Amino acid sequence: METPAEKIDLSVQLNRLSLPNPILVASGTFGYAREMESLVDLDRLGGILPKTITVEPRIGNTAWRTVETSCGLLNSIGLDNDGLEAFIAHHLPYLASLGAPVIVSIAGRDEGEFITMATRLAEAGGLDALELNISCPNVSGGVDFGTNEKSCAAVVRGVRESCDLPVLAKLTPNVTDITAIARAAAEAGADAICLINTLLGMAVDWRGRRPLLGNDMGGLSGPAIKPVALRCVYQVARSVDVPLIGIGGIATLNDVMEFLVAGASAVQIGTANYYDPTVSTRLLDQLPGALSEAGVTTIGELSGSIVSNQEAVVAEG
Ligand SMILES: Cc1cc2nc3c(=O)[nH]c(=O)nc-3n(C[C@H](O)[C@H](O)[C@H](O)COP(=O)(O)O)c2cc1C
């Protein structure tokens, strides 16, 4: 039965992090938000994730850094950013002035750098949470934390113990068993787990006999990875008792609803921002109608409500 639209509550609680709604924008696909202010009502977003920052400035990888493929985008940006202190001085004050929650994405070369950044950002203030990028495929050292249970747990625990900010762990799909890594992140105290970062891929110029990306390989995003991301959310939702944020190829209302039903409590929109920066606020406008159609009044009622065909067969005898 449909529920009346005025009864719909879009707010989401991810352990210590409260969001006004479940539609966020993904790190690396929305700049530092200021670039988007003439196009998007930023205050309405469920959360803003600026480009990942590192302790020191990084110039990133050599060109080409993006290549369009038939149903996705390959990128090897290499965490191009101005570094922690420039972010705090030039971007954080603007982000903090917005009505939307700000979740700062950080990447360290070791556990100590993650802790340095977390401590400094907590002291600077103006942000609502940290997302630990332990899953970037484009920098050596970065992805390793997310491919190993022990190092994933050490980084999450180290950050959790060093500041009071809610901690989100963003995982890579480039592993054999993502549930094992997710369990490690959950046990180490992650408030939420974000699934997924990009899938390692490449594009080839066969005439020139060279890879197209300057870094040879890069991360695949966009529609091509949605089924993989859905599978990760579904598997992890059944393995850990921590809220999940779904990421990967989300561009339509059906995409959002599929991720919620599969086990996510919120979603991040990434590559779709490149061809339609207004997609997130449009999805937000459409969401109450779909929740009403689903017969629920809260995201929590829908999240993880999927029934496996295996279980359904058993239940039906
Ligand atoms: C050009 C580009 C840059 C990205 N940079 C980052 C980044 O700095 N940090 C991060 O955690 N993820 C980064 N990502 C990954 C996205 O946040 C997201 O996890 C991924 O693209 C999957 O979502 P999508 O298919 O909706 O794009 C980047 C993605 C793209 C396309």
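This section reports on the structure supplied with the text.

The tally for this structure, following the rule as stated, stands at 2 aromatic pairs. Considering the side-chain rings of Y32 and F87, the 6.1 Å spacing of their centres and the 50° angle between planes classify their relative orientation as tilted. One end of the pair, Y32, is in the loop between β3 (23-25) and β4 (47-48); the other, F87, is in helix α1 (residues 84-96), and 55 residues separate them in sequence. Given a relative accessible area of 13%, Y32 falls into the buried group. On the accessibility criterion, F87 (2% relative accessible area) is buried. Over the face of the ring belonging to Y94 we find R34, whose NZ or CZ atom lies 4.4 Å from the ring centre.

Before going further, it helps to spend a moment on the site of the ligand. Among the 23 residues in the neighbourhood of the ligand, the closest are listed as S27, T52, G222, G249 and T271. At 2.9 Å, a side-chain N or O of K51 approaches an oxygen atom of the ligand. Between the ligand and G270 there is a distance of 3.1 Å, counted from an oxygen atom to a backbone nitrogen or oxygen. When the ligand is considered free in solution it has 600 Å² of accessible area, and contact with the protein chains removes 97% of it. One can see that the ligand is located within the largest pocket. For the shell around the ligand, the class distribution of residues is 7 nonpolar, 14 polar and 2 charged.

Time to look at empty space enclosed by the protein. Any empty space left between the atoms is revealed when a probe the size of a water molecule rolls over them. Under the defined criterion, the tally for this structure stands at 1 cavity of 30 Å³ or more. The space that makes up the largest cavity amounts to roughly 60 Å³. If you trace the largest cavity, you find it lined by G222, P223, G249, I250, A251, G270, T271, A272 and Y275. The residue makeup of the lining of the largest cavity, split by class, is 5 nonpolar, 4 polar and no charged.

As for its placement among the helices and strands, R44 is situated in the loop between β3 and β4. Along the chain, R44 and I245 lie 201 residues apart, while their C-alpha atoms are 18 Å from each other. When sequence neighbours within four positions are dropped, the list of residues in contact with R44 reads N21, T281, L284 and D285. A polar side-chain atom of R44 sits 2.7 Å from a polar atom in the side chain of D285.

This part covers the nonpolar core. In this structure, L121 and L130 are the most contacted members of the largest nonpolar core, which totals 97 residues. The residues touching L121, leaving out its near neighbours within four places in the chain, are I53, L84, F87, I88, L92, V104, I106, L127 and L130.

The sheet built from 8 strands is open, its strands ordered β4-β3-β16-β15-β10-β9-β8-β7 with parallel pairing. On the outer flanks of this sheet lie β4 and β7 (103-106), each paired with one strand and no other. Pairing between strand β15 (residues 244-247) and strand β16 (residues 266-269): 3 bridges, direction parallel. Directly across from G246, in β16, lies its bridge partner V267.

What follows deals with the pattern of salt bridges. Counted according to the given criterion, the structure contains 11 salt bridges. For D191, the salt bridge is made with R160, and the minimal N-O distance between the two is 3.9 Å. One end of the pair, D191, is in the loop between α4 (178-187) and β10 (192-195); the other, R160, is in helix α3 (residues 149-162), and 31 residues separate them in sequence. The class for D191 is buried, based on a relative accessible area of 2%. The shortest N-O distance in the salt bridge between R238 and E311 comes to 2.8 Å. One end of the pair, R238, is in the loop between α5 (226-237) and β15; the other, E311, is in helix α10 (residues 309-315), with 73 residues separating them in the sequence. Since its relative accessible area comes to 41%, R238 is described here as partly exposed. For E311, a relative accessible area of 41% corresponds to the partly exposed category. Within the structure, one salt-bridge network assembled from shared partners comprises R16, R160 and D191.

Let us look at the layout of surface pockets. Looking at the largest pocket, its volume works out to about 480 Å³. In terms of lining residues, the largest pocket is bounded by 29 residues, among which S27, T29, N75, N197 and T198 are the most central. Among the residues forming the lining of the largest pocket, the class breakdown is 10 nonpolar, 17 polar and 2 charged.

What counts and what doesn't
- Residues numbered from 1 in each chain as written.
- Predicted model: local features only at pLDDT ≥ 70, side-chain atom pairs only at ≥ 80, totals over all residues.
- Heavy atoms only, no water.
- Phe/Tyr/Trp six-rings, centres within 6.5 Å; stacked < 30°, edge-to-face > 60°.
- Helix = DSSP H or I, 4+ residues; strand = E, 2+ residues; numbered from the N terminus.
- Buried < 20%, exposed > 50% of the residue type's maximum accessible area, 1.4 Å probe, protein only.
- Lys NZ or Arg CZ within 6 Å of the ring centre and 35° of its normal.
- Near = heavy atom within 4 Å.
- Polar contact = N/O pair within 3.5 Å; in protein donor to acceptor, adjacent residues only side chain to side chain.
- Areas by Shrake-Rupley, 256 points an atom, 1.4 Å probe, with all protein chains shown as cover.
- 1 Å grid on protein atoms, 1.4 Å probe; cavity = no way out; pocket = protein on both sides within 12 Å on 5 of 7 lines; lining within 4 Å.
- Sits in = over half its atoms within 2 Å of the grid points.
- Nonpolar A, V, L, I, M, F, W, Y, C, P; charged D, E, K, R; others polar.
- Points joined across faces, edges and corners; volume = space filled by probe spheres on them.
- Contact = heavy atoms within 4.5 Å.
- Core = buried A, V, L, I, M, F, W, Y, C linked by side-chain atoms within 4.5 Å.
- Pairing = 2+ DSSP bridges.
- Salt bridge = Lys/Arg side-chain N within 4 Å of Asp/Glu carboxyl O.

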